[in-house]
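Observations on the model geometry
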Amino acid sequence: MAVKNNICKGVWLDQQEAIIVSLEHENPAITRLLAEIENFHPTGGSRSKTPWGPRDVVSESTYLNRKKHQLRQYYSIILSKLKDASDLFILGPAEAKMGLLKTIQDSKQFTFKSVTSQASKRLTDKQLIAKVARHFES
């Protein structure tokens, strides 16, 4: 688990929440962070005032850019909670896990000794603590 000056942390995340497990003491600590990412479902445009006139198009790029900005902010909040970790284990379904990994790789301020990721479905708190502890014991 946590060896001298090594703070081992694990994080399970998806686009709704992140659960951070810290193994720096005998008792593992869990921190939950809720994501404030909106689910956008743009539908159709609107008609002009002219009967049978052209329809205004809804720009999906606006919604995608807003979601990308919200994801970047979500990842930076997660990384601010992980800044004291020396080793990191990332769990979760596909997209959010890979986004966090890419953010870590692009950032020069975070220097973890090791960063490992693994695909995982939703876990209970006890299962998550056990999985993170097993990972760092090996």
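Let us look at the structure shown here. This is a predicted model, so every value here is computed, not measured. (Residues numbered from 1 in each chain as written. Predicted model: local features only at pLDDT ≥ 70, side-chain atom pairs only at ≥ 80, totals over all residues. Heavy atoms only, no water.)

Here the focus is the sheet that holds strand S4 (residues 87-92). With mixed pairing, the 5 strands of this open sheet are ordered in space as S3-S2-S1-S4-S5. Among the strands making up the open sheet, the edge pair consists of strand S3 (29-34) and strand S5 (114-119). Neighbouring strand axes in the sheet, compared pairwise and without regard to direction, differ in orientation by 15 degrees on average. In this sheet, S5 lies alongside S4 in parallel orientation, the contact comprising 6 bridges. Of the residues in S5, the one forming a bridge with Asp-87 is Ser-114. Set on the sheet, helix H3 (residues 125-137) makes contact with strand S1 (8-13), strand S2 (17-22), S3, S4 and S5; between it and S4 the angle comes to about 135 degrees. (Pairing = 2+ DSSP bridges. Helix = DSSP H or I, 4+ residues; strand = E, 2+ residues; numbered from the N terminus. Axes fitted to C-alpha atoms, helices over the stretch in contact; angles between N-to-C directions. Contact = heavy atoms within 4.5 Å.)

In total, this model carries 7 salt bridges according to the counting rule given. Taking the shortest distance from any N to any O, the salt bridge between Asp-14 and Arg-122 comes out at 4.0 Å. Residue Asp-14 is located in the loop between S1 and S2, and its partner Arg-122 is located in the loop between S5 and H3; the two are separated by 108 residues in the primary sequence. Exposure remark for Asp-14: the relative accessible area of 13% places this residue in the buried category. (Salt bridge = Lys/Arg side-chain N within 4 Å of Asp/Glu carboxyl O. Buried < 20%, exposed > 50% of the residue type's maximum accessible area, 1.4 Å probe, protein only.)

Enumeration according to the criterion identifies 2 aromatic pairs in this entry. Between Tyr-74 and Tyr-75 the ring centres are 5.9 Å apart and the planes differ by 35 degrees, which places this aromatic pair in the tilted class. Summarising the burial analysis for this pair, Tyr-74 and Tyr-75 share the class buried. A ring pair is formed by Phe-89 and Phe-136, whose centres lie 6.5 Å apart and whose planes are at 80 degrees; its orientation type is edge-to-face. (Phe/Tyr/Trp six-rings, centres within 6.5 Å; stacked < 30°, edge-to-face > 60°.)

In this structure, the largest pocket encloses a volume near 150 Å³. If you go around the largest pocket, the residues you meet are Leu-33, Leu-34, Ala-35, Glu-36, Ile-37, Gln-70, Gln-73, Tyr-74 and Ile-77. Sorting elements by how many residues they give to the lining of the largest pocket places helix H1 (residues 60-81) first, with 4 residues. Partitioned by chemical class, the residues of the lining of the largest pocket number 6 nonpolar, 2 polar and 1 charged. (1 Å grid on protein atoms, 1.4 Å probe; cavity = no way out; pocket = protein on both sides within 12 Å on 5 of 7 lines; lining within 4 Å. Points joined across faces, edges and corners; volume = space filled by probe spheres on them. Nonpolar A, V, L, I, M, F, W, Y, C, P; charged D, E, K, R; others polar.)

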